[in-house]
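Spelled out from the first residue to the last, the chains are:
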Amino acid sequence: MSRLDLRLFLEALENYSNQSGNSELKRMFPSRKNFLDGLEKKDLISDTRLFLSYGAIQYLRNNYNPEHLPKFSRVTSGDKSIIHVRLGDTHIIEGSHSCYLWIYPRLDPSAVVFDYSKGDVSYHALTGGLNDKMLMKGTPSHANITHSPSNFSWQKKAVTALNEVGIGIKAKDVLSADDYRQYVRYHGVN
């Protein structure tokens, strides 16, 4: 299901960015798609879970038969959707827009992303609240990265953080070919 979850998250994100008319969201979409696609192509993703906004749920219900949709939970606050991506013991929390990219070396079993009985979850419980809870459990995030578009800085920080927690990934794995050529001009090959 992780591939389908990822595809639906990206489709909902792309649709939202197109419908919103927000140029910043449209600009952000390709880089987030390339990043998540790169993790998938490297066969690093072991599991995913979707937390969708009301608008994303409506979009999917209008465009797919209910029996073809994976199980998902609803984000009760705001218009943001979240995907939890598991890379072995490492976890990523990625949002649809205006959300940090959270990287956890591991999560305590009490983390809300593991509680499948919760159909409704607040945005805060998946982001800052999750980190607060994990900090109390001794498993805080390793990084929370702002998706700053300048000079591929968020991708550099994310690749560095993932390598620091044992996920072997390179910038060329998570960037388009054109973006990687520009990335090398700013940051070099390493």
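Within any chain, residue numbers begin from 1 and follow the written order of that chain's sequence. Where totals are concerned, whole chains, interfaces and linings use all residues; where local detail is concerned, this predicted model gives features only for residues with pLDDT of at least 70, and gives and counts side-chain atom pairs only at 80 or more. Note that the side-chain values use all heavy atoms of the structure and ignore hydrogens as well as water.

Trainee: Just to check I follow, could you spell out the environment of F152 for this structure?
Mentor: Position of F152 among the secondary structure elements: in the loop between β7 (143–145) and α6 (153–164). Through-space distance from the C-alpha of F152 to that of L6 is 22 Å; in sequence the pair is 146 residues apart. Here, two residues are considered to be in contact whenever any of their heavy atoms come within 4.5 Å of each other. Among residues more than four places away in sequence, those in contact with F152 are L175, D179, Q182, Y183, Y186 and H187. A run of DSSP states H or I qualifies as a helix once it reaches four residues; a run of E qualifies as a strand once it reaches two. Both are numbered from the N-terminal end.

Trainee: Looking at this structure, I do not really get the side chain of S81. What am I missing?
Mentor: Relative to the helices and strands, S81 is located in the loop between β2 (73–75) and β3 (82–87). Within the structure, S81 has its side chain in polar contact with the backbone nitrogen of S53 (distance 3.0 Å). Here a polar contact is taken to be a pair of N or O atoms separated by no more than 3.5 Å, where protein atoms must pair a possible hydrogen donor with a possible acceptor and residues adjacent in sequence count only if both atoms sit in side chains.

Trainee: How do you make sense of the sheet that holds strand β4 (residues 90–95) when you look at a structure like this?
Mentor: In a beta sheet, neighbouring strands pair by backbone hydrogen bonds and run either parallel or antiparallel. For two strands to count as paired, DSSP must find a minimum of two bridges between them. Spatially, the seven strands line up as an open sheet ordered β6-β2-β1-β3-β4-β5-β7, and their pairing is mixed. Where the open sheet ends on each side, the last strands, each with one partner, are β6 (120–121) and β7. Contacting β4 and β5 (101–104), helix α5 (residues 128–137) runs over the sheet at an angle of about 20° to β5. Only the contacting stretch of a helix is used when fitting its axis, a line to C-alpha atoms as for every element, and angles between N-to-C directions run 0 to 180 degrees. Relative to the sheet, α6 contacts β3, β4, β5 and β7, its axis offset from that of β5 by approximately 10°.

Read these as spatial facts, not as claims about activity.
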